[in-house]
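Working through the structure, step by step
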Amino acid sequence: MTRWRHGRFEFMATDGTPSTAEPVAKSGPSLAAAAAGAATLATIVSFGYLFSVWGSSSNISALDTLRLASAQYVSGNLVVAGELASSVTLPSSNEDEEPAEGEEPEPVESDEDGEPEEDSQESWVVLQDFLIGAGLYEKSTKEVLPADRRDVLKKAIPALEKSRDAGFPEGRSAAGYRMLGLSYYEMGQYDEATESLDRAIKGDLTYRTELTPVLATARARRPINELGQAITEIDQVLALESLDTQKRTETELLKIKWLIELGRFDEAKQMIEAARERIQPEVGLQKGWALKANDELAITDAQMTVRKTLLALRPIPGDIVVAGVPTSAPKQITAAQRTELINLLKVLGEMQREADPKLAAQAQIIGAHAMLLAGERDLALAELTLVRQQRPFRDEGLEGGMSEMELLADMGLGDEVLQTATYLSREIAQSRHLNFTKRREEEFRSRVRSILERLRGLEEYEATIAIADTVAGLFGKAESEIEKGTAYRDWGESILKAGRDAVGDVSRPSFEAALAKFRGAGDAFGFAAEEQFNTDAYVPTLWSAIDAYQRGRHFSKSAILLKRYLRYEDRMRQPRGLVAHGRALLAEGKPIDAMKSLETCIAEFPRDPMRYEARLLAAQAAADAKDGETAKAFLEANLNDGQLTPQSPIWRDSLYTLGELLYAESDLAILQAMEMELDERIEKLDDTDPILNEALRRLNEAVERYWPSPRAQASAYLLARGQLLAAKRPEAEVLSDSLLEPAKRDLRQKVSRYRQAGLDQFSALVRFMDVREREVDLSEKQKAILRNSLLGQADTLKAMARYTEAADAYREMSLRYMNEPPALEALLGQARMVRLLGREKEANLIVSQAAVVLNRISDEWDEQFEEMTRFDRPGWKKYLDWMTSRLDQATGPRSALQR
């Protein structure tokens, strides 16, 4: 363990943890008479007696107390000075002014003795803050354990900062910056420490020898480190002739480590060898500092070997660094390098047995890195586990535990990562030996985020969520919930991906499970957003919650959050919120309200890309509100905008939706027309014909462009049905008495062409589904299309009076769906065809067979009867009983065998 000593301050260069420190106070040129008397008194009587006398007097003013505190500070009794200063309350002042940003605060006005003038209220306040901070700082140096020191420094830093911001007392500026800089350093705030220590040295050059190593180390540990400048500053210290062997060796160790980090291995090696040679006489005398320095030099030499090997590796795109070592490293290591690493492990093994416990732990960590480079993952994992379990838990234990978690995560052992995370969280919260600085905290969070990301990539979602919960106290509740939300969201996506069949449809169980995960993500993101309400992260996190809820079909919750989102979001990013709000309202059955949000997006953001999705949703809302013309206008605007291409998902969905909308409109109009008298029917069909033709054109375009996507298959089915609808108009015109026979013959041919086109389309769909079914399991939608196409095929043959073929088609369907609800429709259709062919007895037997089939259909089909057929089970029973009763009446009593 390397230390830099000056006065009673001890700098530990290995981990940046000062152990004991008593700053030497800088005295003013003289003291006022009252302060001098008090100081003399303090040197004669005990501190306890001094406080008892001072506290029992009712004539002692707050300023007198501060004078006494100042005298105690000058005498080196900083703790007493701080306690005295904190025991008084000064009158408040309304004249405090903050210095302008970037402006150096002026020192407070003081008299020639270094104390504030009587009429300068602000100066006394500044002095009080300075003394309180100095006392707490001094108290922290007497604490042995890092956590105890940090607890005291958390109180000292604000007091010193207040004094600094107002301008340290005159003559105390350098001392103030010194204490503040060392406090920042201890807390891991290296940027702030660098600035304060630099000012302390510039303010008082006598601090140079003491503070330069600390300043250099702070520079090296900044987020953007300054190793070159740090080495320059260390060289200034090494140039001092007053350095003894111990201090020179300890200072050189700092430089050696930075040279290794910079890859300047030759320089580092020379310094190691020179230092070893220099301290050998002291080692021979078994001096403690020399033995430790010798061990640390050996460990540093081993670290250089590992570092050199790492830098020689070839970068590989996508490679993952685990516990400081790329996963591809073992494949790149040469035989000679592996031999060198194995030999290195022998040296490190001796260090683990003989060195100081702290150095032994460092040796174990370096040994684990060497094992990982050599491809010995299991041995490295065991070594890291031992480091993590060492008692008491220190900085090396934290590093061992984090590296262990990274290695376990890369191995996909989520449950074991959780166990280690639970251990670390407990130790970090409880250990008084651990110096958990701000930088270490940030590093901990960064590495945990990487670990959770790795586990998500390996689909260890349950463990990821549990780990995020476990580290919430150190990670931050909001950040923990964000990690949970991300895991839930990725989990839902993974379930959807795994549950998707060859054509892209998702099974119902997978869909329901994914919805639950997306809703869990929404809950987590929503909680995190509430925690971040007063931060810039609030709105982005709120959007993550909204998006997750919408993906989980929890539109009611997303609608509530969207009101807040639209209130706080920047105007230029509001379109996505308006679209999401419209989608949520549409899902809740509020198409009119949905239209308001969607039309706002379209009208107020005419150039935003979200307008296309807004039009698509607005069309759906208009259709739900029975406003077909408005719906078609929105869809045609998307198709004719000129900015979208057929490759765009919005253009594609707009085409599908327009075709479906036009078909539905035509279907309804033709259904209404069929209830009218002939003349009115023909007129109604004439009016509907342009709409139907446009529907057929759009559906045909969708099939040709996007076949065989699932929605294109549905469009192909509607196209077949649409051909049959197109036959209705010429079919009705044939019935008109005003037409001559040649005209009727042309109309009959037109009807036949439409029906044949529909039949061909149904047949093509059946063939496609048969081939697909032999390759993969059909989705529920595909099964429905196949079932309806088979029935449509048979019904079309019947309409074309091709009764034999129709009977065969119905029979084929009944055999395909034997003991399933569709068989009932097929059997009755077959019976009708056979009866039309004059085979009455066969028809009756088929109807009787249908009643038997109904009894054979298992109860598990009960909920699907109405989806697949015209009746539910009771309805079929009643209908078939009625039909069989008619047969009984027509044919007379049946034999028991027939029944």
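Quick caveat: nothing in here was measured; it's all calculated off a predicted structure. (Residues numbered from 1 in each chain as written. Predicted model: local features only at pLDDT ≥ 70, side-chain atom pairs only at ≥ 80, totals over all residues. Heavy atoms only, no water.)

1. Section: the overall build of the chain
Looking only at helices and strands, one finds 41 helices and 4 strands in the chain. Restricting to contacts in the chain with at least 6 residues of sequence separation, those with at least 24 account for 63%. Approximately 43000 Å² of the chain is accessible, and the part contributed by carbon and sulfur atoms is 49%. (Helix = DSSP H or I, 4+ residues; strand = E, 2+ residues; numbered from the N terminus. Contact = heavy atoms within 4.5 Å. Areas by Shrake-Rupley, 256 points an atom, 1.4 Å probe, with all protein chains shown as cover.)

2. Quick look at the nonpolar core
Nonpolar side chains in soluble globular proteins generally cluster together in the buried interior. In terms of nonpolar packing, the biggest core is built from 84 residues, with L786, L824, L828, F865, W876 and L880 touching the most fellow members. Looking at which element gives the most residues to this core, the answer is helix α31 (residues 649-673), with 10 residues. Of all hydrophobic cores here, the second largest spans 50 residues; its members include V325, L381, I467 and A468. (Core = buried A, V, L, I, M, F, W, Y, C linked by side-chain atoms within 4.5 Å. Buried < 20%, exposed > 50% of the residue type's maximum accessible area, 1.4 Å probe, protein only.)

3. Re a negative patch on the surface
A contiguous patch of negative charge on the surface is contributed by E677, D679, E680, E683 and D687. Structurally, the position occupied by E677 is in the loop between α31 and α32 (678-706). Residue E677 is classed as exposed on the basis of its relative accessible area, which comes to 61%. (Patch = residues over 30% accessible without salt bridge, like charges linked within 9 Å, V, L, I, M, F, W, Y side chains within 5 Å. Salt bridge = Lys/Arg side-chain N within 4 Å of Asp/Glu carboxyl O. Lys, Arg positive; Asp, Glu negative; His and termini not counted. Charge placed at Lys NZ, Arg CZ, Asp CG, Glu CD.)

4. Observations concerning the side chain of R447
Along the chain, R447 turns up in helix α20 (residues 438-457). Residue classification places R447 among the buried positions, given a relative accessible area of 13%. A distance of 2.8 Å separates the side chain of R447 from the side chain of E406, its partner in a polar contact. In this structure R447 touches E399, M402, S403 and E406, once residues within four positions along its chain are discounted. (Polar contact = N/O pair within 3.5 Å; in protein donor to acceptor, adjacent residues only side chain to side chain.)

5. A word on the layout of surface pockets
Of the voids in this model, the second largest pocket is the one considered here, and its volume is about 1100 Å³. Lining the second largest pocket are 34 residues, with G504, D505, V506, F511 and K781 positioned closest to its centre. Sorting the residues of the lining of the second largest pocket by element identifies α24 (508-531), α25 (538-551), α33 (710-726) and α36 (780-799) as the ones contributing at least two each. Here the lining of the second largest pocket takes 7 residues from α36, the largest share from any one element. (1 Å grid on protein atoms, 1.4 Å probe; cavity = no way out; pocket = protein on both sides within 12 Å on 5 of 7 lines; lining within 4 Å. Points joined across faces, edges and corners; volume = space filled by probe spheres on them.)

6. Observations concerning the packing of aromatic side chains
A full pass over the atoms with the stated rule returns 19 aromatic pairs. Residues Y185 and Y190 carry aromatic rings whose centres are separated by 5.6 Å and whose planes lie at 75° to one another, so their mutual orientation is edge-to-face. By relative accessible area, Y185 is classed as buried at 1%. On the basis of an interplanar angle of 10° and a centroid distance of 6.4 Å, the ring pair of Y488 and W491 is categorised as stacked. Highlighted residues: Y488 and W491, both in helix α23 (residues 477-498), separated by 3 residues, approximately one helical turn. The class of Y488 is partly exposed, set by a relative accessible area of 22%. The structure contains a cluster of three or more aromatic residues connected by ring pairs, namely Y73, F130, F168 and Y177. Positioned above the aromatic ring of Y423, the side-chain terminus of R388 is 4.6 Å from the ring centre. The ring of W491 has K517 sitting right over it, with the charged end atom 3.9 Å from the ring centre. (Phe/Tyr/Trp six-rings, centres within 6.5 Å; stacked < 30°, edge-to-face > 60°. Lys NZ or Arg CZ within 6 Å of the ring centre and 35° of its normal.)

7. A short note on the pattern of salt bridges
Going through the model one piece at a time under the given rule, you end up with 74 salt bridges. With a shortest N-O distance of 3.8 Å, K783 and E780 are connected by a salt bridge. On the criterion of helical spacing, the pair formed by K783 and E780 is a turn pair, its members being 3 residues apart in helix α36.

8. A closer look at unusual backbone geometry
For the peptide bond that leads from R391 to P392, omega is -5°, which places it in the cis range. When you line up the elements, P392 lands in the loop between α17 (377-389) and α18 (395-410). With an omega of 5°, the peptide bond running from W707 to P708 counts as cis. As for its position among the elements, P708 is in the loop between α32 and α33.

9. Some thoughts on the packing of helix α13 (residues 288-311) against helix α16 (residues 357-373)
In contact at an axis separation of 10 Å, α13 and α16 are set at 20° when each is read in the N-to-C sense. Taken as axis vectors, α13 and α16 run roughly parallel relative to one another. α16 is crossed by α13, and the crossing has left-handed handedness. Counting all contacts with α13, which are made through K292, D295, E296, I299, A302, Q303, V306, T309 and L310, the residues of α16 involved are L359, A363, I366, H369, A370 and L373. Residue composition of the contact of α13 with α16, grouped by class: 9 nonpolar, 3 polar and 3 charged. (Axes fitted to C-alpha atoms, helices over the stretch in contact; angles between N-to-C directions. Parallel < 35°, antiparallel > 145°, perpendicular 65-115°, else oblique. Left-handed = near helix turned anticlockwise from the far one by under 90°. Nonpolar A, V, L, I, M, F, W, Y, C, P; charged D, E, K, R; others polar.)

10. Section: the environment of R870
On the secondary structure map, R870 appears in the loop between α40 (865-868) and α41 (873-891). Spatially, the C-alpha atoms of R870 and L824 are 9.8 Å apart, while their sequence positions differ by 46 residues. Contacts of R870, omitting those with residues within four sequence positions, involve E825, L828, R832, W876 and Y879. At 2.6 Å, the side chain of R870 and the side chain of E825 are in polar contact.

11. A few points about the environment of E479
Along the polypeptide, E479 turns up in helix α23. Once the C-alpha coordinates of E479 and E531 are considered, the two residues, 52 residues apart in sequence, prove to be 9.3 Å apart.

12. Brief notes about the packing of α20 against α23
At a closest axis distance of 10 Å, the pairing of α20 and α23 adopts a crossing angle of 15°. One finds that α20 runs roughly parallel with respect to α23. Crossing geometry of α20 relative to α23 is assigned as right-handed. Across the interface between the two elements, R445, R449, L452 and R456 from α20 touch E479, E483, T486, A487 and D490 from α23. A class-by-class count of the residues in the contact of α20 with α23 yields 2 nonpolar, 1 polar and 6 charged.

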